[in-house]
Amino acid sequence: GGGLGGVGEGGGVMAVAVRALEAGDRAAWGPLWAGFAAEEGGRGAAGLPAEVTAGTFARLTSPEGYRGMKMHGLVAERGGEVVGLAHFHLQHVTFALEPRVYLEDLYVAPAARRQGVGRALIEAVYAAADAAGCPEVYWKAKISNARARSLYDKVAGCNGEVVYQRTLHRPCKE
């Protein structure tokens, strides 16, 4: 994701700077990714299989992606420390010619929450969507995540949709 550097937000003790995730960020990104998987993904202490984490990081940082899938990653820094992440991708839809942006993952380290980091990451995704000519950004949130939803209600509208899901217990065929 070019054009993403320099997006930031003041507030709190130190300003938040959001930039594109880079291959050299693996050590700083890893604990945030594990925290996200534990909190939002229901993975608990077991976490995700190493190959899923490696494939996800490759999709986010390598120009060719992983297995033909490319995603975009952002990190938020405060005081030189990576304190948040956002992962998103363009999604083609049947009701428009322009793709929309799906914000797949958004996570802020517990010590950095309620300090503008989540908002800065969302605004950086908005900026990337605008630069790509995408008229819509959307994401899902757990109904039980009241803290995050209080931010989301300030920066976006809820469309009232309900998500249905079927989970296969075997890998997809390639």
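The present account deals with the structure reproduced in this document. (Residues numbered from 1 in each chain as written. Predicted model: local features only at pLDDT ≥ 70, side-chain atom pairs only at ≥ 80, totals over all residues. Heavy atoms only, no water.)

## Here we look at the overall build of the protein chain
- Secondary structure summary: the protein chain contains four helices and six strands in total.
- Counting from the amino terminus, the protein chain carries its helices and strands in the arrangement β-β-α-α-β-β-β-α-β-α.
- With 174 residues in all, the protein chain has 36% of them scored as buried.
- Taking as baseline every contact in the protein chain between residues at least 6 positions apart, the subset at least 24 positions apart corresponds to 55%. (Helix = DSSP H or I, 4+ residues; strand = E, 2+ residues; numbered from the N terminus. Buried < 20%, exposed > 50% of the residue type's maximum accessible area, 1.4 Å probe, protein only. Contact = heavy atoms within 4.5 Å.)

## A word on the pattern of salt bridges
- Under the criterion given, the structure shown has four salt bridges.
- As a salt-bridge pair, Glu136 and Arg100 come within 3.2 Å of each other at their nearest N and O atoms. You can see Glu136 sitting in the loop between helix H3 (117-131) and strand S6 (137-138) and its partner Arg100 sitting in strand S5 (residues 100-108), a full 36 residues away along the chain.
- Given a relative accessible area of 25%, Arg100 falls into the partly exposed group.
- Through salt bridges with shared partners, one network takes in Arg19, Asp25 and Glu77. (Salt bridge = Lys/Arg side-chain N within 4 Å of Asp/Glu carboxyl O.)

## Side note on the nonpolar core
- Ranked by size, the top nonpolar core spans 27 residues in total, and within it Val18, Leu74, Val117, Leu121, Ile122 and Val125 carry the most contacts.
- Those elements giving two or more residues to this core turn out to be strand S2 (16-20), strand S3 (72-78), strand S4 (81-91), S5, H3 and helix H4 (146-155).
- In terms of residue count, H3 provides more of this core than any other element does, eight residues in total.
- Of all hydrophobic cores here, the second largest spans 13 residues; its members include Leu21, Leu32, Leu60 and Ala109. (Core = buried A, V, L, I, M, F, W, Y, C linked by side-chain atoms within 4.5 Å.)

## Re the side chain of Asp105
- For Asp105, the position within the fold is in strand S5.
- One buried charge, Asp105, has no salt-bridge partner; the nearest side chain with opposite charge is Arg59, at 8.0 Å.
- A distance of 2.8 Å separates the side chain of Asp105 from the side chain of His87, its partner in a polar contact.
- If near-sequence neighbours (up to four positions away) are discounted, Asp105 is found in contact with Trp33, Phe36, Leu85, Ala86 and His87. (Lys, Arg positive; Asp, Glu negative; His and termini not counted. Polar contact = N/O pair within 3.5 Å; in protein donor to acceptor, adjacent residues only side chain to side chain.)

## Digging into the pairing of S5
- Of all nine residues in S5, seven are buried, a share of seventy percent or more.
- The pairing of S4 with S5 spans eight bridges and is classified as antiparallel. By the bridge assignment, His87 is partnered in S5 with Asp105.
- In this sheet, S6 lies alongside S5 in parallel orientation, the contact comprising two bridges. Directly across from Val101, in S6, lies its bridge partner Val137. (Pairing = 2+ DSSP bridges.)

## Side note on the side chain of Ser62
- Inspection of the secondary structure assignment puts Ser62 in the loop between helix H2 (50-61) and S3.
- Taking relative accessible area as the criterion, Ser62 reaches 14% and is therefore assigned buried.
- For Ser62, the side chain forms a polar contact with the main-chain oxygen of Ala58, separated by 2.8 Å.

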